[in-house]
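# Summary of the model geometry
Here is what each chain is made of, one letter per residue.
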Amino acid sequence: MAQLEIRIGNVTLKNPVILASGPAGYGAEYADFIGLEKLGAVVTKTISLNPKAGNSGRRLLETPSGLLNSVGLENVGADLFFGEKLPRLLELGAKPIVSLACEGREDYLKLLETVSGNDTVDMVELNLSCPNVDCGGMAVGTSPELLNWYVSSARQILPGRALLAKLTPNVGDIAGLAEVCQDAGADGVTAINTLLGMDIDPDTGKPIFDRVVAGLSGPAIMPVALRAVYEISSRVRIPVLGSGGITSVTDARKFLAAGAAGIQIGTAIFYDPGLPERIISAVTGAQQGKE
Amino acid sequence: MAQLEIRIGNVTLKNPVILASGPAGYGAEYADFIGLEKLGAVVTKTISLNPKAGNSGRRLLETPSGLLNSVGLENVGADLFFGEKLPRLLELGAKPIVSLACEGREDYLKLLETVSGNDTVDMVELNLSCPNVDCGGMAVGTSPELLNWYVSSARQILPGRALLAKLTPNVGDIAGLAEVCQDAGADGVTAINTLLGMDIDPDTGKPIFDRVVAGLSGPAIMPVALRAVYEISSRVRIPVLGSGGITSVTDARKFLAAGAAGIQIGTAIFYDPGLPERIISAVTGAQQGKE
Amino acid sequence: MNMNRGPFQAVIESKEQISPSTYMLTLQKPEGFVEAMPGQFVSIKIGDSTSPLLRRPFSIMDSTPGSLLLLVKDVGPGTSYIVSRKPSQTLDLIGPLGETYFDIPSGEDAVFVAGGTGLAPLVFTARKWAKDHRIGISHFLYGASTERELLTGICREDFTYVHVATLDGSEGFEGDVVKMFNVLREKGALPERYLFSCGPAGMVKKLMEGGTENFKSHQTSLETVMACGVGACRGCVVPLKSSGAPVYRAVCSEGTVFEADDIDWENWRE
Amino acid sequence: MNMNRGPFQAVIESKEQISPSTYMLTLQKPEGFVEAMPGQFVSIKIGDSTSPLLRRPFSIMDSTPGSLLLLVKDVGPGTSYIVSRKPSQTLDLIGPLGETYFDIPSGEDAVFVAGGTGLAPLVFTARKWAKDHRIGISHFLYGASTERELLTGICREDFTYVHVATLDGSEGFEGDVVKMFNVLREKGALPERYLFSCGPAGMVKKLMEGGTENFKSHQTSLETVMACGVGACRGCVVPLKSSGAPVYRAVCSEGTVFEADDIDWENWRE
Ligand SMILES: Cc1cc2nc3c(=O)[nH]c(=O)nc-3n(C[C@H](O)[C@H](O)[C@H](O)COP(=O)(O)OP(=O)(O)OC[C@H]3O[C@@H](n4cnc5c(N)ncnc54)[C@H](O)[C@@H]3O)c2cc1C
Ligand SMILES: Cc1cc2nc3c(=O)[nH]c(=O)nc-3n(C[C@H](O)[C@H](O)[C@H](O)COP(=O)(O)OP(=O)(O)OC[C@H]3O[C@@H](n4cnc5c(N)ncnc54)[C@H](O)[C@@H]3O)c2cc1C
Ligand SMILES: Cc1cc2nc3c(=O)[nH]c(=O)nc-3n(C[C@H](O)[C@H](O)[C@H](O)COP(=O)(O)O)c2cc1C
Ligand SMILES: Cc1cc2nc3c(=O)[nH]c(=O)nc-3n(C[C@H](O)[C@H](O)[C@H](O)COP(=O)(O)O)c2cc1C
Ligand code: FES
Ligand code: FES
């Protein structure tokens, strides 16, 4: 059973099965459906310094075996998060990983200071897919320079905390960017965030989403995520957490075989909230040789 | 009805519905199922100067709403193509677009010379997703310099022929690369080729494909393709042909609304060979106001 | 304390076709299913394929000690899967979901307005309040395109007055349900106290334009596309009227029932 | 000249369960369906969802003027869809596909070896040749894990001798079909002239290791994962033995029937 544990930086998770940031909100929303205390960890919805209302217009569209979302980082902001949401999740016995928005530099630094002042948080995940104003709205995670700045700032301000960098797949060489994160001090990387996609209303010919593009998740992107994890884990020394279309125990096994130290489950909980616990049982069973 | 025509360079296609390179082979294979003469064009399987046996091991795997393929450019080579395959397709009354591999520079230039000597070909498509030896196996289409060299070489050697550049989506900024192609003399771009993906045998933990990565096509990638077409067509002046997961008349409409001048159908013909003709009827009907 | 909200494997007890495309399903109430409130819904998993992917939400049309009633209109792959299931087969559902409910002070008269399957939560509401002796006189206004699409056959007993409208005039009032509402209201035939509506956003908007300001309260149960159904994903939001920054509310967990006046109808694109 | 190879909407005439997971489907032969040859197959579209996506290939087990016979074992979502279809419903199929066929000089004796649903093309072959008075004495060797999985009930009449093997010995020879083949061959019970096999690659490989070199010809019908079924996509290839560069052949259009000795079994990973 001991081998079930995974270590990221100097933090140990009791098993490799984690809820991805976003779909599960702040965790408590799923408490009626998932034994949160049984999971390796719960990555909470990405928070920004100040509350965000999120995007206008339609936010969800189902696609073949996938889901487009344009939620736009709606979140309660750091104060309410640390004041209410995080304590509630801890109360539920869950292990939180706090996801942080990589917005404008000033707000980002203040957000890091806020985290620094909270000693219930020992692991954070930097959401490097946020569109960044300093770089024309492109995701921070597409530029090695910005990546380096965001990760090393967090490294400096949060010494001793475990630091995950969550990568966007909308780049040419994701493994190269993982190396940048490693060099900047990340203790692990999460791959992948959503693929950029869009849809159009065939009647009006207009984009479905107000912001035109949206993020594609779900089983449709699994092969792309698996490839990213395989490539990254052959290039970096730090642990990789796989995310993207994990929909079954078999998928989880594939990610672990591809080199992932752990896996994050997102979209699948919408229709199959029992999946995380089934994966834990399967992995536990396998490790005890009774598979 | 006249508006159904589309123009690429100085070539006119009678309608915007095209078979994508690969799935339909050299066209004739589908003659029992599709009225090839009714289509705007048929892009033939990418050919290289010399015949290629293709990849060893497994070549196909179905994924959720998608297909991974690792065919590896198996093709009969230029001689047999121009000697047998192309004449057969012309005999069937189809309008061919000849897809060319962008391999090593020397072979590529010889291939262009061969095309130059054949006056039945008035439109070619450069498959810029081929892995290139000069650049460590990365696709030619991920490097602006290589893209520029391959497209402008074709432009020079094939003056007067319509020149399509087919882009890979495995890049950070596909629209920027489309601009490079436009500047290098392409008359149109096709987007997108397959996404890089992979799969793993959960029992052995080993990759399914001998070459590890494979190309993901089919409905799963439609939102990604549509986004690429939308972005590219807002950035270039030349016509864009949409490819990627087009599975229904509705999908075709979405691509045209996103700015595509025409659409290419690939994976869908495997299970629905009647689709190209249904799209033609729908588009024709729409144009005649009897939708 | 956590509640058990599923997933449950609910056995289909019976299925009845009540219009060309609409079915009434009676499910055996799963063991441990929490008591449902008017306006709440369940969300059903669609088979084992990944396409369709998401669960589909359905209002609870009645909840008795032994069973759950759903009204399902076949409009696409998910609903088509559901209505193709046969008695003794199961449906995988979570629920009850939704955290605001229709509410009325004891003894008040009520007007209910529904379009399409919007009938379901209103029927549940009327039945529950009748059982609790909560409601006074009730008017139910229902519209459909033709007489064949009228679903009021299943709920005539549940309201004091049932008024039906068909677009083609094949039964009842000729025109849409909002036009009928306005005519009845102008005639003074409706008690303008509590209004409960459920239907397409277009219907509710038109209802408000026609004049609902005399009502003390107009509560409406909304439908948006949902992923989680539990307030986690923030995908199912509607905008509220606000003077400052935009404010969004999740229909699944901060609804489904809203005071209609609070919704920023202008900026809501379904 | 082009042939009409579909897609056809073939009506299911009847469906019979012949083992715990295997069904025999009789389809009305679609109008215009080209005469099928032994070893050919059809490819069936799986419902309207995009997952499963690809058609699934099935050998033709018999083709009469009015009908097509298929044997379908339920092993996953595609086959499960097919066997859930009911008489009078249709299946969308293309075919006949495959461009090499089982072949035998007139009057020769034949040995057939099958595992699982590999029985289907061999039954078609034997029936067709019997009708054409083409075949001499025929031996059919068939293996399954238990007596319940034996499918030979549907084809005892089609061969001169039927030999069955079960792994658990619940009927016939105890062991696998290859072991039975070797025992019979060593006893001299089999005419070593023409051998026709169809089954898992592992079975055919073992058959060859056991000794098939005395046969004049060993033809085998192969199965690989297919996308187009018509030779276009080059996805379904098997490697042939070759001294120089690798040589691949498409099972759909350059098969399904190969001379077993030509296949590079070492380098073929299904
Ligand atoms: C709170 C709520 C209560 C509902 N109650 C009922 C009811 O009692 N009876 C009934 O017949 N219908 C009800 N609906 C609508 C029902 O959920 C949709 O008709 C159904 O989801 C359509 O799925 P489909 O696959 O058949 O069609 P699709 O072709 O997938 O979709 C048709 C339309 O249904 C809506 N829809 C699709 N997916 C979802 C989703 N995941 N969540 C919400 N809406 C979606 C969209 O507007 C879409 O355009 C309710 C919806 C909500 C949100
Ligand atoms: C030429 C040929 C003839 C066949 N004849 C028969 C027959 O007569 N009776 C019968 O029961 N089965 C036959 N099969 C096998 C049958 O096609 C597979 O069992 C079926 O495709 C499985 O689909 P599934 O969705 O049920 O299972 P899945 O879970 O999708 O797949 C199970 C296995 O079936 C195979 N398979 C999956 N997709 C395909 C595909 N597109 N093409 C080919 N194989 C695939 C793979 O090996 C896979 O591992 C034949 C296959 C071929 C190639
Ligand atoms: C509705 C929704 C909201 C999401 N919000 C976030 C977020 O706030 N921060 C983040 O890092 N990822 C977010 N994601 C991405 C997921 O964490 C996950 O990386 C991605 O969806 C791929 O995994 P999946 O296919 O298992 O969902 C979100 C995904 C969805 C579907
Ligand atoms: C089996 C297969 C083979 C392909 N071969 C080629 C090829 O030779 N050249 C090329 O440019 N694209 C090739 N493609 C890519 C398709 O042309 C198309 O761009 C891609 O599959 C996305 O479209 P789709 O989803 O409609 O298939 C191939 C795709 C498949 C599935
Ligand atoms: S559906 Fe997720 S918040 Fe409502
Ligand atoms: S399945 Fe396409 S070549 Fe055989």
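None of the values given here were measured: they were computed from a predicted structure.

Helix and strand content of chain A: 8 helices and 14 strands. On the principal axes, the C-alpha backbone points of chain A span a range of 55 × 45 × 40 Å. For chain A, with 291 residues in total, the buried portion stands at 64%. The long-range share in chain A, meaning contacts at least 24 apart out of those at least 6 apart in sequence, stands at 68%. Element-wise, carbon and sulfur atoms account for 49% of the exposed surface of chain A, whose accessible area totals about 9400 Å². The average position of the 24 basic charges and that of the 31 acidic charges among the side chains of chain A differ by 3 Å.

Contact residues are listed per partner, giving 33 residues for chain A and 33 residues for chain B. Both sides together, the interface formed by chain A and chain B hides about 2700 Å², and carbon and sulfur atoms give 71% of it. Area buried by chain A at its contact with chain B is led by Met 198, Pro 223 and Arg 227 of chain A, which between them contribute 19% of it. If you look at where chain A meets chain B, you find 2 salt bridges. Put simply, Lys 254 of chain A and Asp 199 of chain B hold a salt bridge, and the shortest N to O gap is 3.1 Å. Residue assignment for the side of chain A that touches chain B shows that the elements contributing at least two residues are β11 (195-197), α5 (222-233) and α6 (249-257) of chain A. Here the side of chain A that touches chain B gets 7 residues from one element, more than from any other, and that element is α5 of chain A. The residue makeup of the side of chain A that touches chain B, split by class, is 21 nonpolar, 7 polar and 5 charged.

Attention now goes to unusual backbone geometry. Residue Ile 192 of chain B follows Ala 191 of chain B across a cis peptide bond; omega there is 10 degrees. Looking at the secondary structure, you find Ile 192 of chain B in the loop between β10 (188-191) and β11 (195-198). A cis amide bond links Gly 6 of chain C to the next residue, Pro 7 of chain C, at an omega of -5 degrees. You can see Pro 7 of chain C is positioned in the segment before β1 (8-19). At Val 212 of chain A, a position not held by glycine, the phi torsion is positive, near 70 degrees.

All names here are of chain B. Neighbouring residues of ligand 4: 20 residues in total, closest Ser 21, Thr 46, Lys 166, Gly 245 and Thr 267. A distance of 2.6 Å separates an oxygen atom of ligand 4 from a polar backbone atom of Ser 21. Burial of ligand 4 by the protein amounts to 97% of the accessible area it has alone, namely 600 Å². When the residues that make up the shell around ligand 4 are grouped by side-chain class, the tally is 4 nonpolar, 14 polar and 2 charged.

Further remarks concern the sheet that holds strand β12 (residues 214-217) of chain A. Strands in a sheet are paired, the pairing made by backbone hydrogen bonds, and the direction either parallel or antiparallel. In space, the 4 strands of this open sheet follow the order β5-β6-β12-β11 (chain A), with antiparallel pairing throughout. In this open sheet, the two strands that pair with only one neighbour each are β5 (60-63) and β11 of chain A. Across the sheet, the mean angle separating the axes of adjacent strands is 35 degrees when strand polarity is ignored. Alignment of β11 of chain A against β12 of chain A, held across 3 bridges, turns out to be antiparallel. If you follow Leu 196 of chain A over to β12 of chain A, its bridge partner there is Gly 215 of chain A. Helix-sheet contacts for helix α5 (residues 222-233) of chain B involve β5, β6 (66-69), β11 and β12 of chain A, and the interaxial angle to β11 of chain A is about 65 degrees.

Each of the two chain copies goes to the other by way of a rotation about an axis and a shift along it. Expressed as a screw transformation, the operator carrying chain A onto chain B has a rotation angle of 180 degrees and an axial translation of 0.0 Å, and the superposed copies differ by an RMSD of 0.0 Å. Classification of the inter-copy transformation places it as that of a two-fold axis. Looking at chain A, 100% of its interface residues are interface residues in chain B too, so the copies touch through the same face.

So, on to the sheet that holds strand β3 (residues 17-19) of chain B. Residues and elements named next belong to chain B. Strands sit in the order β3-β4-β7-β8-β9-β10-β13-β14 around a closed barrel of 8 strands; the barrel is parallel. For this sheet, the mean inter-axis angle between neighbouring strands, taken without regard to orientation, is 25 degrees. With 3 bridges joining them, strand β13 (residues 240-243) and strand β14 (residues 262-265) adopt parallel strand pairing. Residue pairing in the sheet places Ser 243 in a bridge with Gln 264 of β14. Across the face of the sheet, helix α6 (residues 249-257) comes into contact with β13 and β14 while running at roughly 140 degrees to β14.

Conventions and cut-offs
Residues numbered from 1 in each chain as written. Chains lettered and ligands numbered in written order. Predicted model: local features only at pLDDT ≥ 70, side-chain atom pairs only at ≥ 80, totals over all residues. Heavy atoms only, no water. Helix = DSSP H or I, 4+ residues; strand = E, 2+ residues; numbered from the N terminus. Buried < 20%, exposed > 50% of the residue type's maximum accessible area, 1.4 Å probe, protein only. Contact = heavy atoms within 4.5 Å. Areas by Shrake-Rupley, 256 points an atom, 1.4 Å probe, with all protein chains shown as cover. Lys, Arg positive; Asp, Glu negative; His and termini not counted. Charge placed at Lys NZ, Arg CZ, Asp CG, Glu CD. Buried area = accessible area lost by both parts, 1.4 Å probe. Salt bridge = Lys/Arg side-chain N within 4 Å of Asp/Glu carboxyl O. Nonpolar A, V, L, I, M, F, W, Y, C, P; charged D, E, K, R; others polar. Near = heavy atom within 4 Å. Polar contact = N/O pair within 3.5 Å; in protein donor to acceptor, adjacent residues only side chain to side chain. Pairing = 2+ DSSP bridges. Axes fitted to C-alpha atoms, helices over the stretch in contact; angles between N-to-C directions. Least-squares fit on C-alpha atoms with pLDDT ≥ 70 in both.

Keep in mind that these numbers describe shape and distance, not what the molecule does.
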